[in-house]
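An overview of the molecular structure
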Amino acid sequence: MSERAQAGRAAEQRALDYLEAQGLRLRARNYRCRWGEIDLVMETGEGIVFVEVRYRRHAGYGGAAGSVDRRKQARLVRAAGTYLARERLCERPARFDVLAIDTDGDIDWIPDAFEA
């Protein structure tokens, strides 16, 4: 596994640990479909949370949260729709969060980062 892939995997694990400590429960990790990949699918008492984990090793490339552009959002929305349909969860409320881990290691959790 490349150094970049290892760093990404570690960031996802850190994000998962953080979200579980906040009371969310893991439903799926690295869910893949034809529309793309969702890093973490979590569950709260209220509904389903689709989480995009962003890690940036170099601040010069911009912030981790800012890297989830409109194109990425559209792919996440389509993949989430597929997940909800396959799992028969279309009636449950859902939201899209971004969990950013920047070069200093700080976690910035942005609930409802964008709307479908």
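This section reports on the structure supplied with the text. Every chain is numbered on its own, with residues counted from 1 as its sequence reads. At least 70 in pLDDT is required for a residue's local features to be given in this predicted model, at least 80 for side-chain atom pairs to be given and counted, and no such filter applies to totals for whole chains, interfaces and linings, which use all residues. Only heavy atoms go into the side-chain values, all of them from the structure, while hydrogens and water stay out.

**Looking at helix H1 (residues 3-21)**
Since the α-helix turns once every 3.6 residues, residues separated by three or four places project in the same direction. In DSSP terms, a helix is any run of H or I states spanning at least four residues, a strand is any run of E spanning at least two, and both are numbered starting from the N terminus. Any helix carries an expected span of 1.5 Å times its number of residues minus one. The first and last C-alpha atoms of H1 sit 27 Å apart over 19 residues, in line with the 27 Å expected at 1.5 Å per residue. Every buried residue of H1 is accounted for by Ala11, Glu12, Ala15, Leu16 and Leu19. Looking straight down H1, one finds its buried side chains confined to an arc of 140°; they lie on one side. Those residues of H1 that are exposed and aimed more than 90 degrees away from the buried face are Glu3 and Ala21. The contact criterion used throughout is that any non-hydrogen atoms of two residues lie within 4.5 Å. Tucked inside the fold, the buried residues of H1 contact strand E1 (25-33), strand E2 (36-43), strand E3 (48-55), strand E4 (94-101) and strand E5 (107-114). Count one or two residues on from H1 and you reach glycine 23, which has phi positive near 100°. Each residue gets one of three labels from its accessible area relative to the maximum for its type: buried under 20%, exposed over 50%, partly exposed in between, using a 1.4 Å probe on protein chains only. The directions from the helix axis to the C-beta atoms form the arc being described.

**Comments concerning the nonpolar core**
Grouped together as the largest cluster of nonpolar side chains are 17 residues, with contacts concentrated most on Tyr31, Ile38, Val41, Phe50 and Tyr83. Of all elements in the fold, only E1, E2, E3, helix H2 (70-86) and E4 reach the threshold of two or more residues within this core. If one sorts the elements of this core by residue count, H2 sits on top with five residues. The residues contacting tyrosine 31, other than those within four sequence positions of it, are Gly36, Glu37, Ile38, Val41, Ala79, Thr82, Tyr83 and Arg86. Counting twelve residues, the second largest nonpolar core, distinct from the first, contains Ala11, Ala15, Leu24 and Val51. We call a set of buried residues a nonpolar core when its members are Ala, Val, Leu, Ile, Met, Phe, Trp, Tyr or Cys and they connect through side-chain atoms within 4.5 Å of each other.

**Quick notes on the packing of aromatic side chains**
Whether two aromatic rings pair depends on their centres lying within 6.5 Å, for rings of Phe, Tyr and Trp, where Trp uses its six-membered ring; planes under 30 degrees apart make the pair stacked, over 60 edge-to-face, and the rest tilted. Summed over all chains, the structure comprises five aromatic pairs. Ring geometry for phenylalanine 50 against phenylalanine 96: centres 5.5 Å apart, planes inclined by 25°, an arrangement best described as stacked. Of this pair, phenylalanine 50 sits in strand E3 while phenylalanine 96 sits in strand E4, and the two are 46 residues apart along the sequence. Phenylalanine 96 matches phenylalanine 50 in its accessibility class, with the two residues each being buried. Each ring, one from phenylalanine 96 and one from phenylalanine 114, has its centre 4.9 Å from the other, and the planes form 20°; the classification is stacked. Residue phenylalanine 96 is located in strand E4, and its partner phenylalanine 114 is located in strand E5; the two are separated by 18 residues in the primary sequence. Here phenylalanine 114 falls in the buried class, since its relative accessible area comes to 8%. Here arginine 34 stacks its cationic end above the ring of tryptophan 35, 4.6 Å away from the centre of that ring. The ring centre of tryptophan 35 lies 3.5 Å from the NZ or CZ of arginine 78, which sits over that ring. Charge-over-ring placement is defined geometrically: NZ (Lys) or CZ (Arg) within 6 Å of the ring centre, and within 35 degrees of the ring normal.

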